[in-house]
Amino acid sequence: MFYREAGQFKSTYTADMAVFPILQDRIGIAVILLLAFVGVPLIGNDFFTTTVMIPFLVFSLAAIGLNILTGYTGLVSLGTAAFMGVGAYSCYKMTTWWPDMNIIVLILVSGLFSAAIGVFFGLPSLRIKGFYLAVATLAAQFFLQWAFVRVPWLFNYNASGAIEVPLRTVFGVPITGATASPETRYFVCLCLVVVLTWLASNIVHGRIGRSWMAVRDMDIAAELMGIKLLNAKLLAFAVSSFYCGVAGAMMIFLWYGGGEAADVFNIRLSFNVLFMVIIGGLGSLIGSFFGAMFIAGLPTILKFGLPAIGIPLAGATAEHITFMLVGALIIFFLIVEPHGLARLWQIAKQKLRTWPFPY
Amino acid sequence: MNAEPMNRTGEPVAAAKGEVLLSVEHISLRFGGVKAITDVSFDIRKGEVRAIIGPNGAGKTSMLNCINGFYHPQEGQITYKGVRRARVKPHQAASDGIARTFQNVALFKGMSTLDNIMTGRTLKMNRNFFWQALRHGPAMTEEIAHRKVVEDIIDFLQIQHIRKLPVGKLPYGLQKRVELGRALAMEPELLLLDEPMAGMNLEEKEDMCRFILDVNNEFGTTIALIEHDMGVVMDLSDRVVVLEYGRKIADGTPAEVKADQAVIDAYLGVAH
Ligand SMILES: Nc1ncnc2c1ncn2[C@@H]1O[C@H](COP(=O)(O)OP(=O)(O)O)[C@@H](O)[C@H]1O
Ligand SMILES: [Mg+2]
């Protein structure tokens, strides 16, 4: 009844080309942003902010990164965690090189390092695709993870091999380091994710996004439109790895606050991000958020949510249930609905648009 | 268009159609032991509709693939707009103004009709990555300008109703139409159509014939057309080249070709 486009006529192409052409969608986005910027800091406690919201934001960004590569361009990657790691380690190196530089700038610049490495490992994608490309990115995963452990220069020859996140302030407010409050870290994550999502949305809705999807759907025809396959694929690797790199830097600097980064950026993380993209929806930015919410949120909900409403559940059981649910859902989505939760969301909206008179 | 064959025979109709746009000289293409094309020469003149016909496996598709750079013939040469081409890549052919549709529709299945046709504008859009990321200012102006062109094509092909639908689920006839739209969006000088009417019913065929003629007449686009339906070929084309087993067996106006004994033999048993 209330969600429909009736009466909303688009008289210009600009209006028709808007990412959210329907008024209710725009209101929805505004409400979500309001909740995220005002609601969560007001209502949420530190526990909720650090164990649910920050991980959700970090994973969303990583999922957007992988979605650009896999969902939009059709190139499978199992090296996501490694590219995230490149972001984290380059951010760490830069904090030692330029202690006075604004940490948010450094986190963003980390993405550029990751993009460069991503492009390098993306070079084989011109010749190989599908399964073979997945294996090539797996090689990137193992090589980079090896480098994170074996190249002491990367962690400044620390005896423990861990990254230490230094205290960095912006306008006197601690952003990273032990004294940074969860709210501040959450706020920084949120700003980065909102801005980067907006940019990603612009890119995928324009010429570049169309080129990526063209390469994904029919590469020979794409070439005939004048799209250079190598350029399009490498650009996808660059942008994708940029997002993953920023997510990785955020992960260590704004979430973990340091530690054995080499352990964090392992193949399981790569798979987890891939699962987010599959469950959330290949080729959908909003799906990346759904996927991240699901994969990052499910274990926490099972572990803390169920006991809270009186259903006792041991930690180990929660973990098993998570595995089984995620596994079942991946099979379900791969077979039944490759566009994931995002597609279900669209169908629901479509139903709502015609409700209560479907004909 | 359905001119009396008598009027056409003898007169090199295409002579009126201006200079040679593309010429193919002594092309031979082999795949291992398979000879797809053997020593074929012909030319395409500016503004004409040039049909390429022949039985299945005659090498027609392979010929188009040579012209737009998917295949590189082992022998012979292709001259386009007076320039001899050496191992062009498909995207170079595209920037030289050669567009193409495929025998088996090669649309971007996950994208909408609109986005598919917009993709045809890729080469004409040049706002860089950073403007694209902002999607404001010049990038938006550009997007809108090209959107207008695409909407005109959509109107021309009468596919307004499927504008926002993903093309993968459209009926075959409409997919072929969208594919033509995508090629037209490139504003090509030379349009290669590989069996644009295959698998269509009569009504769809008539529509498609009209679109092809309109494109040729109104925009002056030169068209190379592969088609099996001899009636269509007779109606649409100015000149016809006939291939069989990779060799050229006839070349001339539709009427000449129709009367050619070698062609009649090749098509023995085939309708028309
Ligand atoms: N990529 C390829 N690899 C091997 N053989 C091919 C290839 N493309 C075409 N051929 C062969 O070339 C011959 C001509 O094919 P084609 O050009 O598709 O014919 P037509 O379009 O006239 O039906 C056929 O014998 C076909 O098997
Ligand atoms: Mg063919």
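Residues numbered from 1 in each chain as written. Chains lettered and ligands numbered in written order. Predicted model: local features only at pLDDT ≥ 70, side-chain atom pairs only at ≥ 80, totals over all residues. Heavy atoms only, no water.

**Some thoughts on the overall build of chain A**
For step 1, the next point in the chain: Each helix and strand counted, chain A has 15 helices and two strands in total.
For step 2, the next point in the chain: A globule of 359 residues ought to have a C-alpha radius of gyration of about 21 Å, and chain A, at 21 Å, matches this closely.
For step 3, the next point in the chain: The dimensions of chain A, computed from C-alpha atoms along their principal axes, are 70 × 55 × 45 Å.
For step 4, the next point in the chain: Across the 359 residues of chain A, 50% fall into the buried class.
For step 5, the next point in the chain: For chain A, the accessible area works out to roughly 16,300 Å², and carbon and sulfur atoms hold 73% of it.
For step 6, the next point in the chain: Side-chain charges of chain A comprise 20 positive and 14 negative groups, with the mean position of each set lying 7 Å from the other. (Helix = DSSP H or I, 4+ residues; strand = E, 2+ residues; numbered from the N terminus. Rg over C-alpha atoms; globule rule 2.2 N^0.38 Å. Buried < 20%, exposed > 50% of the residue type's maximum accessible area, 1.4 Å probe, protein only. Areas by Shrake-Rupley, 256 points an atom, 1.4 Å probe, with all protein chains shown as cover. Lys, Arg positive; Asp, Glu negative; His and termini not counted. Charge placed at Lys NZ, Arg CZ, Asp CG, Glu CD.)

**Brief notes about the overall build of chain B**
For step 1, the next point in the chain: Looking only at helices and strands, one finds 11 helices and 10 strands in chain B.
For step 2, the next point in the chain: The C-alpha atoms of chain B give a radius of gyration of 19 Å, which matches the 19 Å a tight globule of 272 residues would have.
For step 3, the next point in the chain: For chain B, the spread of C-alpha atoms along the principal axes amounts to about 65 × 40 × 35 Å.
For step 4, the next point in the chain: The proportion of buried residues among the 272 residues of chain B is 54%.
For step 5, the next point in the chain: For chain B, the share of sequence-separated contacts (at least 6 apart) that also reach a separation of at least 24 residues comes to 68%.
For step 6, the next point in the chain: Carbon and sulfur atoms provide 53% of the accessible area of chain B, an area that totals close to 11,800 Å².
For step 7, the next point in the chain: Averaged over its 33 positive side-chain charges, chain B has a centre that lies 7 Å from the centre of its 35 negative ones. (Contact = heavy atoms within 4.5 Å.)

**Structural notes on the sheet that holds strand β4 (residues 75-80) of chain B**
Residues and elements named next belong to chain B.
For step 1, the next point in the chain: Sheet architecture is open: four strands sit in the order β2-β1-β4-β5, paired in antiparallel fashion. The open sheet has two edge strands, β2 (34-45) and β5 (83-85), and neither has a second partner. Recorded for the sheet is a direction-independent mean angle of 25° between the axes of neighbouring strands.
For step 2, the next point in the chain: Across three bridges, β4 lies against β5 in antiparallel orientation. In the sheet register, Y80 faces β5, and the bridge partner there is V83.
For step 3, the next point in the chain: The sheet contacts of helix α2 (residues 60-67) involve β1 (20-31), β2, β4 and β5, and relative to β2 the element is tilted by about 65°. (Pairing = 2+ DSSP bridges. Axes fitted to C-alpha atoms, helices over the stretch in contact; angles between N-to-C directions.)

**Describing the coordination of the magnesium ion (ligand 2)**
Residues and elements named next belong to chain B.
For step 1, the next point in the chain: The protein atoms donating to the magnesium ion (ligand 2) are T61 (OG1) and Q103 (OE1), with metal-donor distances spanning 1.9 to 2.1 Å. Here T61, found in helix α2, pairs with Q103, found in the loop between β6 (98-101) and α4 (113-119); they are 42 residues apart in sequence, far enough to count as distant.
For step 2, the next point in the chain: Of the residues examined, T61 reaches a relative accessible area of 25% and is grouped as partly exposed. (Donors = N, O, S within 2.8 Å, 3.2 Å for Na, K, Ca; no water.)

**Quick notes on unusual backbone geometry**
What you tend to see is this: most non-glycine residues have negative phi, and most peptide bonds are trans.
Residues and elements named next belong to chain B.
For step 1, the next point in the chain: The residue H26 is not glycine, and still its phi comes out positive at about 50°.
For step 2, the next point in the chain: Counting through the fold element by element, H26 comes out in strand β1.
For step 3, the next point in the chain: The phi dihedral of Q158 is positive, around 55°, even though this residue is not glycine.
For step 4, the next point in the chain: Its location among the elements puts Q158 in the loop between α6 (138-156) and α7 (172-185).
For step 5, the next point in the chain: Given the relative accessible area of 39%, Q158 is considered partly exposed.

**Quick notes on helix α8 (residues 207-217) of chain A**
For step 1, the next point in the chain: Most of α8(A) is tucked away: nine of the 11 residues are buried.
For step 2, the next point in the chain: Three or more residues of α8(A) are buried, namely R207(A), I208(A), G209(A), R210(A), S211(A), W212(A), M213(A), A214(A) and V215(A).

**Describing the site of ligand 1**
Residues and elements named next belong to chain B.
For step 1, the next point in the chain: Around ligand 1 sit F31, A36, P55, N56, G57, A58, G59, K60, T61, S62 and Y71, and those are all the residues in its vicinity.
For step 2, the next point in the chain: With respect to ligand 1, the backbone of G59 contributes an N or O atom lying 3.0 Å from an oxygen atom.
For step 3, the next point in the chain: S62 has a polar side-chain atom sitting 2.6 Å from an oxygen atom of ligand 1.
For step 4, the next point in the chain: Against a free-state accessible area of 560 Å², the protein chains account for coverage of 64% of ligand 1.
For step 5, the next point in the chain: Ranked by residue count, the leading element in the shell around ligand 1 is α2, at three residues.
For step 6, the next point in the chain: A breakdown of the residues in the shell around ligand 1 according to their chemical character gives five nonpolar, five polar and one charged. (Near = heavy atom within 4 Å. Polar contact = N/O pair within 3.5 Å; in protein donor to acceptor, adjacent residues only side chain to side chain. Nonpolar A, V, L, I, M, F, W, Y, C, P; charged D, E, K, R; others polar.)

**Focus: the interface of chain A and chain B**
For step 1, the next point in the chain: On the side of chain B, 39 residues touch chain A, which itself brings 30 residues to the contact.
For step 2, the next point in the chain: Buried surface at the junction of chain A and chain B, summed over both partners, amounts to about 3,200 Å²; 68% is from carbon and sulfur atoms.
For step 3, the next point in the chain: Of all residues in chain A, R210(A), L224(A) and M225(A) bury the most surface against chain B, accounting for 25% of the area lost on that side.
For step 4, the next point in the chain: The interface formed by chain A and chain B includes one salt bridge. (Buried area = accessible area lost by both parts, 1.4 Å probe. Salt bridge = Lys/Arg side-chain N within 4 Å of Asp/Glu carboxyl O.)

**A few points about helix α10 (residues 229-256) of chain A**
Along an α-helix, residues three or four positions apart point the same way, because every turn accommodates 3.6 residues.
Residues and elements named next belong to chain A.
For step 1, the next point in the chain: Across its 28 residues, α10 extends 38 Å between first and last C-alpha, which sits within 8% of the 40 Å expected from 1.5 Å per residue.
For step 2, the next point in the chain: The largest bend along α10 measures about 30° and falls at M250.
For step 3, the next point in the chain: In terms of burial, α10 is largely enclosed, as 23 of its 28 residues are buried.
For step 4, the next point in the chain: In the stretch just after α10, G257 is the one whose phi turns positive, near 70°. (Expected span 1.5 Å × (residues − 1). Bend = angle between axes of the 7 residues up to and from the residue.)

**Thoughts on the sheet that holds strand β9 (residues 239-244) of chain B**
Residues and elements named next belong to chain B.
For step 1, the next point in the chain: Judged by pairing direction, the sheet is mixed, and its six strands sit side by side in the order β6-β7-β8-β3-β9-β10 without closing on themselves. Both edges of this open sheet fall to β6 and β10 (247-252), since each of them pairs with a single strand only. Direction aside, the axes of adjacent strands within the sheet are offset by 15° on average.
For step 2, the next point in the chain: Relative to strand β8 (residues 222-226), strand β3 (residues 49-53) runs parallel, the two being bridged by four bridges.

**Overview of the packing of helix α2 (residues 23-43) of chain A against helix α7 (residues 182-204) of chain A**
The geometry of a pair of packed helices is captured by two quantities: the angle between their axes and the separation between those axes.
Residues and elements named next belong to chain A.
For step 1, the next point in the chain: One can describe the packing of α2 onto α7 by two numbers: an axis separation of 11 Å at closest approach and a directional angle of 175°. Taken as axis vectors, α2 and α7 run roughly antiparallel relative to one another. Residues L33, A36, F37, V40 and P41 of α2 form the contact with α7, whose own contacting residues are Y186, F187, L190, C191 and V194.
For step 2, the next point in the chain: The residue inventory of the contact of α2 with α7, partitioned by class, reads 10 nonpolar, no polar and no charged. (Parallel < 35°, antiparallel > 145°, perpendicular 65-115°, else oblique.)

**So, the nonpolar core**
For step 1, the next point in the chain: Formed by 148 residues in total, the largest nonpolar core has its most connected members in M84(A), I107(A), W212(A), Y243(A), M250(A), F265(A) and L191(B).
For step 2, the next point in the chain: Ranked by the residues each element gives to this core, the list is headed by α10(A), at 17 residues.
For step 3, the next point in the chain: Three or more residues apiece are contributed to this core by two domains, here domain 1 (1-97 + 188-272) and domain 2 (108-187) of chain B.
For step 4, the next point in the chain: Apart from residues lying up to four places away in sequence, M250(A) is in contact with V58(A), L61(A), I107(A), C189(A), L192(A), V193(A) and W255(A).
For step 5, the next point in the chain: In terms of nonpolar packing, the next biggest core, distinct from the first, is built from 26 residues, I44(B), I78(B), L192(B) and L243(B) among them. (Core = buried A, V, L, I, M, F, W, Y, C linked by side-chain atoms within 4.5 Å. Domains from an automatic or database assignment.)

**So, the pairing of β2(B)**
Residues and elements named next belong to chain B.
For step 1, the next point in the chain: Where β1 and β2 come together, eight bridges link them in antiparallel fashion. Its bridge partner being in β2, I27 is matched across the sheet by V40.
For step 2, the next point in the chain: Counted between consecutive antiparallel strands, the loop separating β1 from β2 contains two residues, among which G32 sits at a positive phi close to 55°.

**A closer look at the domain arrangement of chain B**
Residue and element names in this part refer to chain B.
For step 1, the next point in the chain: Split by domain assignment, chain B resolves into domain 1 (1-97 + 188-272) and domain 2 (108-187).
For step 2, the next point in the chain: The straight-line distance from the C-alpha centre of domain 1 to that of domain 2 is 27 Å.
For step 3, the next point in the chain: Contacts between the two partners involve 19 residues from domain 1 and, on the opposite side, 13 residues from domain 2.
For step 4, the next point in the chain: Roughly 1,300 Å² of surface becomes buried between domain 1 and domain 2 when both sides are summed, with 73% attributable to carbon and sulfur atoms.
For step 5, the next point in the chain: Considering only the surface of domain 1 that becomes buried against domain 2, P188, M208 and F211 emerge as the three largest contributors, covering 37% of it.
For step 6, the next point in the chain: Across the domain 1-domain 2 interface, the total number found is one salt bridge.
For step 7, the next point in the chain: A salt bridge links R177 to D207; the nearest nitrogen and oxygen atoms lie 3.1 Å apart.
For step 8, the next point in the chain: Between the two partners, domain 1 and domain 2, sit two residue pairs in polar contact (both at pLDDT 80 or more).
For step 9, the next point in the chain: Taken together, the elements giving at least two residues each to the side of domain 1 that touches domain 2 come down to α3 (90-95), β7 (190-194) and α8 (202-219).

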